[in-house]
Amino acid sequence: MWLIKELWDFMRVRKKFWLLPIIVVMVMLGALLVLTKTAIGPFIYTIF
Amino acid sequence: MRILGISAFYHDSAAALLVDGKLVAAAQEERFTRKKHDAGFPQQAIDFCLQHAGIDFRDVDFVAFYDKPFLKFERLLETYLAFAPRGFTSFRMAIPVWLKEKLLQKTLLRDEFKRWVPDFDWHNKLLFGEHHQSHAASAFFPSPFEKAAVLTMDGVGEWATTSLAIGEGSELRMVRELHFPHSLGLLYSAFTYYTGFKVNSGEYKVMGLAPYGEPRFKAMILDKLVDLKDDGSFRLNLEYFDYCTGLRMTNEKFDALFGGKPRKAEERLTQREMDLAASIQAVTEEIVLRLARSVAKENGVKNLCLAGGVALNCVANGKVLREKLFDNIWVQPAAGDAGGAVGAAFAAYHGFCRQPRTVNGHLDGMDGSYLGPQYTQSDIETRLTAAGAKFDVLSYEGMIDATAQALADEKAVGWFQGRMEFGPRALGGRSILGDPRSPSMQKTLNLKVKYRESFRPFAPSVLREDVTDWFEIEADSPYMLMVAPVVERRRRAMTADEQALFGIEKLNVPRSDIPAVTHVDYSARIQTVHRETNPAYYDLISAFKARTGCPVIVNTSFNVRGEPIVCTPEDAFRCFMGSEIEVLVVGNCVLRKDVQDPSLKRDYKDTFELD
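Residues numbered from 1 in each chain as written. Chains lettered and ligands numbered in written order. Predicted model: local features only at pLDDT ≥ 70, side-chain atom pairs only at ≥ 80, totals over all residues. Heavy atoms only, no water.

## Topic: helix α17 (residues 441–449) of chain B
All names here are of chain B. Buried residues of α17: M441, Q442, L445, N446 and V449, and no others. Here the buried residues of α17 occupy an arc of 125° about the axis, which is enough to place them on one side. The positive-phi residue at the C-terminal boundary of α17 is Y451, with phi of around 50°. (Buried < 20%, exposed > 50% of the residue type's maximum accessible area, 1.4 Å probe, protein only. Helix = DSSP H or I, 4+ residues; strand = E, 2+ residues; numbered from the N terminus. Arc of directions from axis to C-beta.)

Pasting the structure below:
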């Protein structure tokens, strides 16, 4: 949670809100990459 | 108040500790792990700093990290977006690493700190400074100036590659920046790569190669690669570089411009590489001089501080000094990223904590840069005995005498005294020494002791009061970051045949009264030695002068090629037994090679990855 808050504060100060969608997608992709290597892996397949 | 500064995760990790505004300890992690340019978390360097100050991690008030990971992440992301869809391959490979290392860097650091304090209050105590702010702070706050212009030039931090700050008292105000990808450091690194040397470690070899060549590519570089303005600001033509999105510094267009593919490492050096080195050196000097001139003109400040990796280009520094644009110039001895640890701590102390600053006359706050570990005489004897060494223990005067005599007898001497240096240069704490008058000393040291490339010159240490008698310089140069020519009356002109030689052949031609430290263009990278900061080294050179009339000795770092400078007595003994150093002096212990146990000799040449 602190990461999201800090990222938001950062974007506010830098006025770089347009980075938000890209970061969100990258974090989600990153999470997928990590999760597919765990026991949840097979269930990710069913989401798509 | 205790502030721990840290640099890590890029190259040259280090830790530095400030106690009430005074720098009490600093060390690079590579010296402990024996892995050159080690970029890992500097655990051992931190351990050393805390142990030296006799404190616990809990006693640290703030930990200051030397760059801002989110800002760096922003730069990485924007760069890829600017070039998209080019660079997708490298972008795809980089995502998992960035997400972890940049966005989660605070967590990474917190997890490292847990090894000392499980409940470390990182929310309140962990600070992040900007990269160039850290460099600038490392150059200004320990300097002996009340007010100064601070020029930082490096590869890249977050966005800034070249920046100007004005320091006054305890304030440091960033004034102007040039942004990535327009970078003097990356330009120099591109040529380092192209001439076949390792990026981030081979740049000073390019600088040493330059005097062998002609700057015949200078005009082309300024025409095609760099748009340079009068005030020193510049833009690079990115059509020739690959470092934004690719995995190499340069591309095929660059190859076509300079007539061929990059030299492969360890391939034979040709005139082309020498001329390229001379050309990029000339361009770098031009840019640095224009920057210095515009800084002097616009700000009217009498003192200049330099930091950032490009400030290690001591040839350029020497040219700035000779232009007399400023009354005084001070260069942070750890001008590269290791010094960021020092700067982050200072920036936190004076900036964030708003603490006042006291300037101590003409003395700077780096203590000669002798900030690393030292060993007591009894500890040295115990460690050397455990390593199997045979040595004589002399009195201090006896040790000085014996060492001076060994030098006068043209022996290569390993010298290990006092605290270890902080920064890339050995300054008489962990040095290999030789007689500069000897015409064969350069060859011996290059080929038999350091096992390194034959074209590389050696540098002198000279007693401060004698420097103008031997070199054309009037200022202090305690950190070996200024180059100046040998005075004319001590030079010897080369014949046309001698001029045509290359590498060790040319270097071996006696060019002055002190041929071992005179480069092929009569220049020398000078260290002035001051009694206040290193009495033992000063006494040694004085004893050598009493015997020979020469107050200059060869000083090269105590390591072989690819190895970090030695840290412990054991490191020193290993290097001694693995090379052809004839005498080793550790504290008051004197070791001679011919009486050592031959079974302890080792083949050291191939132990370290070549740098």
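## Notes on the interface of chain B and chain A
Listed per partner, the contact involves 18 residues of chain B and 15 residues of chain A. Counting the surface lost from both chain B and chain A, the interface buries some 1500 Å², and carbon and sulfur atoms represent 81% of this. At the boundary of chain B and chain A, one finds four salt bridges. Taking the shortest distance from any N to any O, the salt bridge between K106 of chain B and E6 of chain A comes out at 2.6 Å. The interface formed by chain B and chain A holds four residue pairs in polar contact (both at pLDDT 80 or more) in total. If you list the elements that add at least two residues to the side of chain B that touches chain A, you get α3 (69–83), α4 (88–103) and α5 (105–113) of chain B. With seven residues, α3 of chain B is the single largest residue contributor to the side of chain B that touches chain A. Across the side of chain B that touches chain A, the residue classes tally to 14 nonpolar, one polar and three charged. (Contact = heavy atoms within 4.5 Å. Buried area = accessible area lost by both parts, 1.4 Å probe. Salt bridge = Lys/Arg side-chain N within 4 Å of Asp/Glu carboxyl O. Polar contact = N/O pair within 3.5 Å; in protein donor to acceptor, adjacent residues only side chain to side chain. Nonpolar A, V, L, I, M, F, W, Y, C, P; charged D, E, K, R; others polar.)

## Quick word on the side chain of S294 of chain B
Residues and elements named next belong to chain B. Tracing the backbone shows S294 in helix α12 (residues 271–299). Look at S294 and you get buried, because its relative accessible area is 8%. Polar side-chain contacts of S294 include one of 2.9 Å to the backbone oxygen of D231.

## Observations concerning the packing of helix α16 (residues 396–408) of chain B against helix α21 (residues 535–548) of chain B
When two helices pack together, their arrangement is captured by the angle between the axes and the distance separating the axes. Residues and elements named next belong to chain B. Interaxial distance between α16 and α21 falls to 9 Å at its minimum, and their mutual angle equals 50°. When the interaxial angle is binned, α16 and α21 end up oblique. Regarding α16 and α21, the two cross each other, and that crossing is right-handed. Residues Y396, I400, D401, T403, A404, Q405, L407 and A408 of α16 form the contact with α21, whose participating residues are P535, A536, D539, L540, A543, F544, R547 and T548. (Axes fitted to C-alpha atoms, helices over the stretch in contact; angles between N-to-C directions. Parallel < 35°, antiparallel > 145°, perpendicular 65-115°, else oblique. Left-handed = near helix turned anticlockwise from the far one by under 90°.)

## Re the sheet that holds strand β15 (residues 430–434) of chain B
Two modes of strand pairing occur in sheets, parallel and antiparallel, and in both the strands are linked by backbone hydrogen bonds. Residue and element names in this part refer to chain B. Strand order in this open sheet of nine strands is β13-β21-β20-β14-β15-β19-β16-β18-β17, and the pairing throughout is mixed. This sheet does not close on itself; its edge strands, each paired only once, are β13 (392–393) and β17 (482–485). Where β17 and strand β18 (residues 523–529) come together, four bridges link them in antiparallel fashion. Pairing of V483 across the sheet is with R525, part of β18. Lying on the sheet, helix α13 (residues 314–322) is in contact with β17 and β18; it crosses β17 at an angle near 70°. Strands in contact with helix α15 (residues 377–386) are β13, β20 (583–586) and β21 (589–592); relative to β21, the strand with the most contacts, it is inclined by about 30°. (Pairing = 2+ DSSP bridges.)

## Notes on the confidence of the model for chain B
Close inspection of predicted coordinates is inappropriate in any region flagged by low pLDDT. Counting all residues, the mean pLDDT for chain B is 94, and 100% of those residues have values of 70 or more. Reported for the predicted complex are a pTM of 0.94 and an ipTM of 0.79. (pLDDT = per-residue confidence, 0-100.)

## Examining the pairing of strand β3 (residues 22–28) of chain B
Residue and element names in this part refer to chain B. Among the seven residues of β3, six are classified as buried, and the element is accordingly described as predominantly covered. Pairing analysis gives six bridges linking strand β2 (residues 14–19) to β3, with the strands arranged antiparallel. By the bridge assignment, A15 is partnered in β3 with A27. The loop that links β2 with its antiparallel partner β3 comprises two residues; one of these, D20, has a positive phi angle of about 50°.

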